[in-house]
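Listed here are the chains, written in short residue letters.
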Amino acid sequence: MKRKMRGISWNWRVLAALIILISIVTLLPVTGETTLVSIDSRPVIGLPPAIPEEKELIPGTNAFKQPVAEKSLILDNPNYVITLENGWNVISVPKRLLPGRNTAIVVFESIDTAGHSIYQWDGSIQMWDAMGANDIVRPLDGIFIYSVGSQDLELYFDGTQPDPAEKIVYNQWNLIGFWDVYQTCARDTLISIDPGWSYVIGYDPISQGYEPAIFNSDPSRQELMFPGKGYWLWMNGGDTMQYPKAKNYYFGGEYVNLYHGIEGLSDVHYGFENVNGFWTGLSTATNWYGRYISSQPFKLGDDNAWERHWKEGAMDSTYADNVHFAYFHGHGCEEAIKFGTYHDDPTLSYSDVRWGNTMLDWVALDACNVLKDPEETNLWRGSFAGLHGIYSFASNSISHQNRGSEFSYYLKTGMTIWDAWKEAIDRSTPSGSQQIAAVLTAKDDNPTTQDCYYDHLYGYGYQINPPGYPSDFDYDTEVITG
Amino acid sequence: MTIMNRIVYQISAGICVLVVIALGLSYINPLITENSQPSLVLGPGGPTEIILNAEFPAHPAKMMVYTVVPQNTREDAKKIAKSLGITEELKEMDNSYFTNEGKWTFYYGSVSGAFSYHWFERESGRDPIDMPEYLPKEEDAVIIAEQFLKSKGIWEEGAEYRRTICQHGYTLWGANNTKQLVHQTMDVYFGRVFNGYNVAGDRIVVSIGGNGDVIGLFKVWRTYSPDKEYAIISPEEAYQKLIEDSSKFPVSKDVPVSITRVYPGYATLTPSESMDFLKPVYSFDYEAVQEGTPVTGTVFIPAVPELGEA
């Protein structure tokens, strides 16, 4: 019986393989211009569909078989420019385009495609679809476009930002665009279609080949996706990509004033004032909300502040890693922050944490010496699993009751987070004292983009999403004397 | 079961119950030790030894207490912004004023009138001009800072140069585990002398980048009006109070602290706090070495007990 079952299973496997092979072969012919491999060593279900072959190509024409038009004179600067490389490019527009400048003929009229059509993919029937001249160029749609040489594609956004963007995605292949003008890791980009998405594949127009696939599992899904690019998406079932005009963000924190003599640590002042000040201040920030856990605000203190709330594999995904911005106030040292109860280990070591693999983007550790110097700071590198930055001290930290509220205030003015941290410490350092503010932020390996060093609070400026497990960092110190 | 066996059984059971209770209590209750005074330092705080390496100064019998003259209005903010060349309209949030729309950002705090002024791309950036080779010498930086303040009408009578501090930015490269200096600027710090006494906390800090460009400014400089003279305690009495509250020192536990200077003066609250009065204090300059790092600073003991300990 078992042998018979194995036989049936084997037959099914052969049949499935044949179906996939036939579907790939019969979908469309492969052009000689496009490389369809370069996917990393992990298994993928199938290769992306090949681009349709075109025989009647006319040099010097655009995708609509018209002579390439001169760029029309527009006095305003474009909102976004996509540089097309020679050969095939897979692009998308990051925002809705201005009415009157959003049809294919207007957007692409000055692009010499040598007569190649511009292609999109209809996921509902798993077929290519050549764009018509009057088709609207929409965000979230991936676009295959050929370019003769390097050319700039200038985009003008619809400043009114009317509605949330949506795109229905179907079982198997979809060609999607990237929403917004800032890079984001795949986990966050595709959160609205999680867990249905299986992997995405970008295209490198310089090498004319596909990039390694990004899979929906850690650490792969922490890899970045970029604005202006289009991606092949493999879905297990249908869903709808949704990008609301406004997204909600969450904050919370914990403090320890009472140490009960644990490890010889003295009690400290102002924990509640700082965490509560941070909480109250951010409560008035647009689209920011305090996190409630089991109907209790994540604003816990003293014996209710536990190491496990911040520890990977314990409960961090419910607490610290379940907010975008977290604040801790208490004792610290180069290797750890300290809690005041033996409910858990009172020492949360750098090796205990992997922040950002659920939600956490920024953490303020209002504690002594956590970022004392670059060598020591290397210890905290492994805690970045999607985290953008740690804001802390490279010296003893002198507690002050207004630091949390000052920090949240300056975050809301549109300062960078690092500037807001410095400003808060400038204004809360007791007279006659000196302390060293410090920051550790993730860098990506793309020299053309900003880094998390320049992050602003969501809604109050731009921010850059880092790769999940960065190897490079920015590290600054600022000596502040009161 | 014999009586003896029963007794042994009951004793054993009792011991087991006690062990269970003890284990339970040890799990529930954290280790309690005698509680020390709460520390302001978010590391193991409180020195164990204070070493006096200074003479007690001659001191006046009385010192003036001043009232703080409020100047934290929108008009004050606009006036300062204008003198700094800010042309953008100031935004208001929670009774404070700011603009971040131009090349220069400006933030004016309502509580103390403290303001900061930054060339964002330079002070908060990674401009390659802001590196050691392009920074002025310290003495030149002081001249640049003073000239800038005077040219903008920001300079104050009683401002006194104290020190220059370098601020650093690095990139940490993971591939070869190295750090690279990518940003360095200088902060020129001016303190305040008021009617012959130092006023700790009031300050002007000018940030200077490459080419000697002024790239930032922070100023808190309250206005004071004489209120009433009060008799002050002796420096010996102040020192005794200091010994009784050694948690004032922002150094880690077991780090000896050396008092290097004792003098009467004034100390302000932080720029984030409102003040009604400027009160006399005894200032104790100290030095310590914590984990190989020199730590210096000043702690204060109120000199007029009848005005409270804060």
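(A) Main features of unusual backbone geometry. Going from D194 of chain A to P195 of chain A, the amide bond is cis rather than trans, its omega being 5 degrees. Relative to the elements of secondary structure, P195 of chain A occurs in the loop between α3 (186–189) and β10 (197–204). Phi angles above zero are rare outside glycine, and N195 of chain B is one such case at about 50 degrees. Here N195 of chain B shows up in the loop between β8 (178–194) and β9 (197–200). Despite not being glycine, N211 of chain B shows a phi value in the positive range, around 65 degrees. Note on placement: N211 of chain B falls in the loop between β10 (203–208) and β11 (214–220). Judged by relative accessible area, which is 56%, N211 of chain B ranks as exposed.

(B) Looking closely at the domain arrangement of chain B. Residue and element names in this part refer to chain B. Segmentation of chain B into domains returns domain 1 (32–67 + 227–307) and domain 2 (72–111 + 114–221). Measuring from the centre of the C-alpha atoms in domain 1 to the corresponding centre in domain 2 gives 28 Å. The largest share of the area that domain 1 buries against domain 2 comes from Y266, T268 and P271, three residues that together contribute 49% of it. Joining domain 1 to domain 2, the criterion identifies zero salt bridges.

(C) Focus on empty space enclosed by the protein. With the rule as written, the count across this model stands at two cavities of 30 Å³ or more. In this structure, the second largest cavity occupies an estimated 80 Å³ of space. Along the walls of the second largest cavity sit W418, K422, D476, T477 and E478 of chain A together with E123, Q167, H168, H183, T185, D187 and S207 of chain B, which together make up its complete lining. Those elements that provide at least two residues to the lining of the second largest cavity are α7 (417–426) and β28 (473–481) of chain A together with β7 (159–173) and β8 of chain B. Of the residues in the lining of the second largest cavity, the class split is one nonpolar, six polar and five charged.

(D) Local environment of the packing of aromatic side chains. The final tally for this structure, using the stated rule, is 63 aromatic pairs over all chains. Between the aromatic rings of W279 of chain A and Y292 of chain A, the centroid separation amounts to 5.9 Å while the plane-to-plane angle is 70 degrees, which identifies the pairing as edge-to-face. Within this pair, whereas W279 of chain A is found in helix α4 (residues 271–283), its partner Y292 of chain A is found in strand β18 (residues 292–293), the two being separated by 13 residues in sequence. Ring geometry for Y239 of chain B and F284 of chain B: centres 6.3 Å apart, planes at 35 degrees, overall tilted. Remark: F284 of chain B occurs in strand β15 (residues 280–290) and Y239 of chain B occurs in helix α5 (residues 235–244); sequence separation between them is 45 residues. Each member of the pair Y239 of chain B and F284 of chain B is classed as buried. Here the basic side chain of R261 of chain B rests over the ring of Y263 of chain B, its NZ or CZ set 3.8 Å away from the ring centre.

Conventions we followed
- Residues numbered from 1 in each chain as written.
- Chains lettered and ligands numbered in written order.
- Predicted model: local features only at pLDDT ≥ 70, side-chain atom pairs only at ≥ 80, totals over all residues.
- Heavy atoms only, no water.
- Helix = DSSP H or I, 4+ residues; strand = E, 2+ residues; numbered from the N terminus.
- Buried < 20%, exposed > 50% of the residue type's maximum accessible area, 1.4 Å probe, protein only.
- Domains from an automatic or database assignment.
- Buried area = accessible area lost by both parts, 1.4 Å probe.
- Salt bridge = Lys/Arg side-chain N within 4 Å of Asp/Glu carboxyl O.
- 1 Å grid on protein atoms, 1.4 Å probe; cavity = no way out; pocket = protein on both sides within 12 Å on 5 of 7 lines; lining within 4 Å.
- Points joined across faces, edges and corners; volume = space filled by probe spheres on them.
- Nonpolar A, V, L, I, M, F, W, Y, C, P; charged D, E, K, R; others polar.
- Phe/Tyr/Trp six-rings, centres within 6.5 Å; stacked < 30°, edge-to-face > 60°.
- Lys NZ or Arg CZ within 6 Å of the ring centre and 35° of its normal.

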